[in-house]
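Understanding the architecture of this molecule
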Amino acid sequence: MIFLYNIGSSVSTGRQSKTMANNKSGRKSASKMKPAAASKKDAPRQEAAAKGKKKHNVRKTATTVVIVFFAVLMALSMMLPSFVQIFSSNRAAEQAQPEEEAPTYGSDAEVSADTNTASVDGVFNTYADEISSLKDKLSGDSDNLAYILNLGQAYMNCAYQASQYASTDDDRVRVNEYFDSAIGYFDQYLGLQESDAVKVDRALCQLYEGDTSGATSALEQLTADSPDYGPAWANLGLAYEVSGDTAKAKEAYQKAEEADPDDTYGSYSFAQQRLAQINESAAQAAEQAAGASEGSDASDSTGVSGLTEALGGNGN
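What you see is a predicted model; the values in this text were computed from it and never measured. (Residues numbered from 1 in each chain as written. Predicted model: local features only at pLDDT ≥ 70, side-chain atom pairs only at ≥ 80, totals over all residues. Heavy atoms only, no water.)

Here's the deal with the overall build of the chain
Looking only at helices and strands, the chain features 11 helices and 0 strands. Written out in order from the N terminus, the α and β elements of the chain read α-α-α-α-α-α-α-α-α-α-α. Taking all 316 residues of the chain together, the buried fraction comes to 32%. Here the contacts in the chain between residues at least 6 apart in sequence split such that 62% fall between residues at least 24 apart. (Helix = DSSP H or I, 4+ residues; strand = E, 2+ residues; numbered from the N terminus. Buried < 20%, exposed > 50% of the residue type's maximum accessible area, 1.4 Å probe, protein only. Contact = heavy atoms within 4.5 Å.)

As structure tokens, this is what we get:
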């Protein structure tokens, strides 16, 4: 609409210019024919005409500005629904989209350097504010995937770190209660949205609290459903190691390497580390059997230390 208006203005201006030129030419001819007295007599009329013309141009300019303003306003009003839709969609996506789920392995969770008290209470206190804040947020938005996932991971990480300092039965009970809470939030998440990463975290919670059989079954089912998901195979290998089935552990680690050859999830490098430890332990055991390492303590060569490290100190 603005473009058409500008074209019309140009044509109108051209006509006025031509008319003005003709009138100007006519006035010149008339001035030659009339005496000087007549020119003085017509001066007030010419001045009035000039003022009228000036007022007309001012009104025309003002009209042009108003038309352009309303044209822009109309264009913006037509685009407004699109802007609202874009912003509302982005906001909804930000609220619904949980934080990116990083694959978890036995050695991923480490005690934070910010933990001042190396004790079960110290770790619990470190996570208290985070857990409380997430619970408050979730109470006002019970189906928010991000809040649910973050709560599950907060409970899991807290329990995992605290388990390294659990020295009494009461400590272990408290730690396992946090693992159970993590499992509860993971189940809540999975009830709303499928996620292989969350299923791995859930199985690891079972593994850490001592339910090796339940963790193994869950990971076996996950590898059957998602055979190309490397973290499932890597953590299944870890579960087999904990149960003492080295042969199956090696098979699972090799599957993890095949499923994640580019180490996208870190499965390849984790599987390599565990396979190297298993092979080293097997070599040491063979040397002992041949009498090559007399006097050495057999418990030092079973690979238990390497597995304990992979589990972050929780060898159950």
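Regarding the environment of A239
Here A239 is to be found in helix α8 (residues 230-243). Residue classification places A239 among the buried positions, given a relative accessible area of 0%. Along the chain, A239 and T212 lie 27 residues apart, while their C-alpha atoms are 6.6 Å from each other. Residues in contact with A239, not counting those within four places in the same chain, are L207, T212, T216 and L219.

Things to note about helix α3 (residues 120-139)
Between the first and last C-alpha of α3 there are 27 Å, a value that for 20 residues agrees with the 28 Å anticipated at 1.5 Å per step. Considering bend angle alone, the principal kink of α3 is centred on A128 and spans about 40°. Looking at the buried positions of α3, the neighbouring elements they touch are α4 (145-163) and α5 (169-192). (Expected span 1.5 Å × (residues − 1). Bend = angle between axes of the 7 residues up to and from the residue.)

Examining the packing of α8 against helix α10 (residues 267-289)
Look at α8 against α10: their axes get within 9 Å of each other, and the N-to-C directions meet at 25°. Accordingly, the angle class assigned to the pair α8 and α10 is roughly parallel. Judged by the twist between their axes, the crossing of α8 over α10 is left-handed. Along its contact with α8, which presents G230, P231, A234, L238 and E241, the element α10 presents S267, F270, R274 and I278. Residues that form the contact of α8 with α10 fall into these classes: 5 nonpolar, 2 polar and 2 charged. (Axes fitted to C-alpha atoms, helices over the stretch in contact; angles between N-to-C directions. Parallel < 35°, antiparallel > 145°, perpendicular 65-115°, else oblique. Left-handed = near helix turned anticlockwise from the far one by under 90°. Nonpolar A, V, L, I, M, F, W, Y, C, P; charged D, E, K, R; others polar.)

A word on the nonpolar core
In this structure, L151, M156, F179, F186, C205 and Y253 are the most contacted members of the largest nonpolar core, which totals 55 residues. Within the residue set of this core, elements represented by two or more residues are α3, α4, α5, α6 (196-208), α7 (212-225), α8, α9 (246-259) and α10. Per element, the largest residue contribution to this core is 11 residues, and it comes from α4. Those residues in contact with Y253, other than ones at most four positions away along the chain, are A234, G237, L238, E241, F270, A271, R274, L275 and I278. (Core = buried A, V, L, I, M, F, W, Y, C linked by side-chain atoms within 4.5 Å.)

Some thoughts on the packing of aromatic side chains
A complete count under the given rule lists 7 aromatic pairs for this structure. Seen in terms of ring centroids, Y160 and Y208 are 4.5 Å apart; in terms of plane orientation they differ by 65°. Their pairing is edge-to-face. Separated by 48 residues along the polypeptide, Y160 in helix α4 and Y208 in helix α6 bring together distant segments of the chain. When sorted by exposure, Y160 lands in the same class as Y208, which is buried. Their ring planes at 75° and their centres at 6.3 Å tell us that Y253 and F270 sit as a pair that is edge-to-face. Placement of the pair is Y253 in helix α9 and F270 in helix α10, with a sequence separation of 17 residues. (Phe/Tyr/Trp six-rings, centres within 6.5 Å; stacked < 30°, edge-to-face > 60°.)

What about α10?
Helix length check: α10 (23 residues) gives 33 Å between terminal C-alpha atoms against 33 Å at 1.5 Å per residue, within 8%. Every buried residue belonging to α10 is among S267, F270, A271, R274, L275, I278 and S281, and all of these are buried.

Topic: the pattern of salt bridges
This structure, assessed with the given rule, holds 5 salt bridges. D121 serves as the salt-bridge partner of R174, at 2.8 Å between the closest nitrogen and oxygen. With R174 in helix α5 and D121 in helix α3, this residue pair connects regions lying 53 residues apart in the sequence. Judged by its relative accessible area of 29%, R174 is partly exposed. The class of D121 is partly exposed, set by a relative accessible area of 42%. For E241, the salt bridge identified is with R274, shortest N-O distance 2.9 Å. Highlighted residues: E241 in helix α8 and R274 in helix α10, separated in sequence by 33 residues. Judged by relative accessible area, which is 13%, E241 ranks as buried. (Salt bridge = Lys/Arg side-chain N within 4 Å of Asp/Glu carboxyl O.)

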